Structures are given as C-alpha cells and as structure tokens.
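Here are the chains, one letter per residue:
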Amino acid sequence: MTQSAAIAPGKWAFVTGGSDGLGLAFATDLARRGMNCLLIARNEDKLARAAETVRTTGVEVRTLSLDLGAPDAVARIEAATADLPLTLAVFNAGAEASGAQFVDQPYATWAATIQRNVLFLTEALHHFGRRLVDSVDDGGSGGGLIVVGSEAAFGGVGQSGIYTATKGFALNLGEALWAELTPRGVDVVTLLFKIADTPMLRETLARRGIPVEATGASDTAALARGTIDALGSGPIYNPDETSPDDPVTSNAARRERVLAKSELMKFFYG
Ligand SMILES: NC(=O)c1ccc[n+]([C@@H]2O[C@H](COP(=O)([O-])OP(=O)(O)OC[C@H]3O[C@@H](n4cnc5c(N)ncnc54)[C@H](OP(=O)(O)O)[C@@H]3O)[C@@H](O)[C@H]2O)c1
C-alpha cells in the first residue's frame, strides 16, 4: 500500500470535530504518522484534553475553538493555518441525532445543520481544495481532503431527513472532487459507514437505554486508519460495503461510475 503524498511527517492537517470520537481518532492516527494537527471544535476544555492526548505522540498540536456554523468559519480556519504547511483537511464533524421529524423541529434547527454540513463544507472544500492545488502547482508533493460521510448518504430516511440529505450532498461533491482533483495532485476520499462508537452515539443510545454493544458500532481507530490508508484510492472508503460489485455501497463500482460519467462530461463540455 502506498501512502498518499498528503500524509507527510512534519506537515499539518486540520480535523473538524477533532476533540472526541472519530475526529480524535483521525488526529491520533495522523500524529502517529508524524503529522502535526490542528483540532477544531467548540468546547475548549475538551479540545485541550484532546490536544494533550495527541501530543503524547510527539507532534505539534494546536486547537481552534470554533462553531463550524459561524459565517466566518472558513476564514477563521484559514487564519489559524496561514503560517502552516497544510497538506490535509479532514471534515469530520457532522452528526445530527435529534431523531425529530422534519415539520416538528423549528426551521432554524435544520438551517444550522445545513449551514455546518453543506454551506461550511462547500466553502471549506472550495477554499482548501484551491489552496492544496496551488501548493502542488508551486512544487509541493501533494495534498488531501477527507470527507466524513455516512451510509445515510444512500437515501432518505424518516426522522433523519435533513441529515441524510446533507450526507447525500457531501457524497456527490466528494466523488466529483475525487474526479477533478486526483489528476491535480490532491487525493480526495469520502468515508461511508453505518455506525461508530463515538460519544455522540453513546449519548443518543443512552436516552433509550440501549447499550452500544447492541449496535455493532465500528471502532473509530479502525475507521480512521482505513480512511487514511484509502486516500489515493477513492472515491469512497466504505468498510461496510455489501459486495465488491454493489453499485451503491462498493468503492470499485462507484469509481467506475464516477469515471464513466466524468468522461461523458468531458465529451459534453470539452
Ligand atoms: N457516530 C456514528 O454512528 C456515525 C455514523 C455514520 C456517520 N457518522 C459521521 O461521523 C462524523 C463524526 O460523528 P460523531 O458521532 O463523532 O459526532 P459529531 O457530533 O459529528 O462529532 C463530534 C465532534 O464534532 C464537534 N462538533 C460538533 N458540532 C460542531 C460544530 N457546530 N462546530 C464545531 N465542532 C463541532 C464536537 O465537539 P464540540 O461539541 O465541542 O463542538 C466533537 O469534537 C459525522 O460526520 C457523522 O455524520 C457518525
């Protein structure tokens, strides 16, 4: 297995939602590979504790307390990384676990989820995608973008309408960017999976007295490691794929589709 050029000792990655669960697992794995990390989340105490954990690997760690739903979120991440040799961005934070039906929740709640999972994500992928392409054009060895999605992306589900819709958006954009940016030296992979043992999941299950062991939740360290290893062989990484030729869940089948449809677009648009 060849490691993506985005994973380089001494370079920097940022991880949204890096203060617990899957985000912290990403930061820990990247740090073990020698990468310095900027952890981004809202709660400062949790961020500080996570930073201490990641620092035990010997890398440099910075934190940024930020609500990704803030209108200036991308500008704040840019300011926090302007002096750093950034080669990887991990877009991890993105759960929505209210379990509410669409019309029963105030619209402002859904707007906040859309702001974080769609508008922030889109602006950040545009901004940092451009920055990584420019750095490759200037002689850098390569960059990477990791989008944490969900199998929720595969279709609408009751009590998860906005969540599944935003994850569908992220999957489409992630696959398109894989097609566009791979030839330009930036690896893109979208992680899809069913369920992971994170604090968010445990809190949600605790409301109904369900033990996490009953859910078959994946281990976050294994998900993070598999995704980082899969950078460079996207468009998706889905450890829960049904079979290698399943058109919905399989990386190989989705890659074939993205490549074929992207060729068609070249035919249309030149
Ligand atoms: N857990 C699962 O079973 C599961 C299944 C499929 C997909 N996923 C996906 O995996 C990713 C991680 O999920 P998760 O379960 O760990 O829960 P999550 O709530 O997406 O992630 C928790 C992390 O994100 C931070 N965060 C949440 N909202 C934020 C905001 N508005 N601004 C800044 N930071 C924010 C949290 O810290 P603060 O609260 O301090 O901000 C914490 O560090 C998500 O994209 C989710 O959709 C999870």
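The preceding data block contains the structure.
This text gives an overview of the structure that appears in the document. Please read these numbers as outputs of a predicted model, since none were measured by experiment.

What counts, and at which threshold
- Residues numbered from 1 in each chain as written.
- Predicted model: local features only at pLDDT ≥ 70, side-chain atom pairs only at ≥ 80, totals over all residues.
- Heavy atoms only, no water.
- Pairing = 2+ DSSP bridges.
- Helix = DSSP H or I, 4+ residues; strand = E, 2+ residues; numbered from the N terminus.
- Near = heavy atom within 4 Å.
- Polar contact = N/O pair within 3.5 Å; in protein donor to acceptor, adjacent residues only side chain to side chain.
- Areas by Shrake-Rupley, 256 points an atom, 1.4 Å probe, with all protein chains shown as cover.
- Axes fitted to C-alpha atoms, helices over the stretch in contact; angles between N-to-C directions.
- Left-handed = near helix turned anticlockwise from the far one by under 90°.
- Contact = heavy atoms within 4.5 Å.
- Salt bridge = Lys/Arg side-chain N within 4 Å of Asp/Glu carboxyl O.
- Buried < 20%, exposed > 50% of the residue type's maximum accessible area, 1.4 Å probe, protein only.
- Phe/Tyr/Trp six-rings, centres within 6.5 Å; stacked < 30°, edge-to-face > 60°.
- Right-handed = clockwise from strand over helix to strand, strands pointing away.

1. Topic: the sheet that holds strand S1 (residues 12–16)
In space, the seven strands of this open sheet follow the order S3-S2-S1-S4-S5-S6-S7, with parallel pairing throughout. Looking at which strands have only one partner, the edges of the open sheet turn out to be strand S3 (61–65) and strand S7 (236–237).

2. Description of the site of the ligand
The environment of the ligand is made up of 27 residues, and the closest members are Ser19, Arg42, Asn92, Tyr163 and Thr198. Between the ligand and Asn43 there is a distance of 2.9 Å, counted from an oxygen atom to a backbone nitrogen or oxygen. Here a nitrogen atom of the ligand and a side-chain polar atom of Arg116 are 3.2 Å apart. Protein burial of the ligand: of its 850 Å² of free accessible surface, 92% is covered by the chains.

3. Quick word on the packing of helix H3 (residues 73–81) against helix H4 (residues 107–137)
It is at 9 Å that the axes of H3 and H4 come closest, and there the two elements cross at 35°. Note on packing geometry: the crossing formed by H3 with H4 is right-handed. Here Ala73, Val74, Ile77, Glu78 and Thr81 of H3 come into contact with H4, specifically with Phe120, Glu123, Ala124, His127, Phe128 and Arg131.

4. Thoughts on the pattern of salt bridges
Tallied over the full model, the rule gives 10 salt bridges. Arg130 serves as the salt-bridge partner of Asp134, at 2.7 Å between the closest nitrogen and oxygen. Of this pair, Asp134 and Arg130 both sit in helix H4, four residues apart, which is roughly one turn of that helix. Asp134 sits in the partly exposed class, given a relative accessible area of 31%. Of the charged contacts in the structure, one is a salt bridge between Lys266 and Glu263, with a shortest N-O distance of 3.1 Å. Of this pair, Lys266 and Glu263 both sit in helix H8 (residues 251–269), three residues apart, which is roughly one turn of the helix.

5. Side note on the packing of aromatic side chains
Each aromatic ring pair is described using two quantities: the centre-to-centre distance and the angle formed by the ring planes. In the structure shown here, the tally under the stated rule is six aromatic pairs. Centre to centre, the rings of Phe14 and Phe128 are 4.9 Å apart; their planes meet at 70°, and the pair counts as edge-to-face. With Phe14 in strand S1 and Phe128 in helix H4, the pair connects residues that are 114 residues apart, well separated along the chain. In this structure, Phe14 and Phe128 share a single accessibility class: buried. The structure contains a cluster of three or more aromatic residues connected by ring pairs, namely Phe14, Phe91, Phe120 and Phe128.

6. Digging into the pairing of strand S5 (residues 143–148)
Among the six residues in S5, six count as buried, and that is most of the element. Every second residue of S5 is oriented toward a common face, with Gly143, Leu145 and Val147 on one face and Gly144, Ile146 and Val148 on the other, all of them buried. Relative to S5, strand S4 (residues 86–91) runs parallel, the two being bridged by four bridges. Its bridge partner lying in S5, Ala89 is registered against Leu145. Taking the sense of rotation as the criterion, the β-α-β connection linking S4, H4 and S5 turns out right-handed. In terms of strand pairing, S5 meets strand S6 (residues 186–191) through six bridges, oriented parallel. Paired with Gly143 across the bridge in S6 is Val186. At this point the chain moves from S5, through helix H5 (residues 161–181), to the parallel S6, and the crossover so formed is right-handed.

7. Structural notes on unusual backbone geometry
That bond from Gly234 to Pro235 is cis: its omega, 20°, falls within 30 degrees of zero. Locating Pro235 in the fold gives a position in the loop between helix H7 (220–230) and S7. A positive phi angle, near 65°, is found at Gln159, a position not held by glycine. Summarising the element assignment, Gln159 is placed in the loop between S5 and H5.

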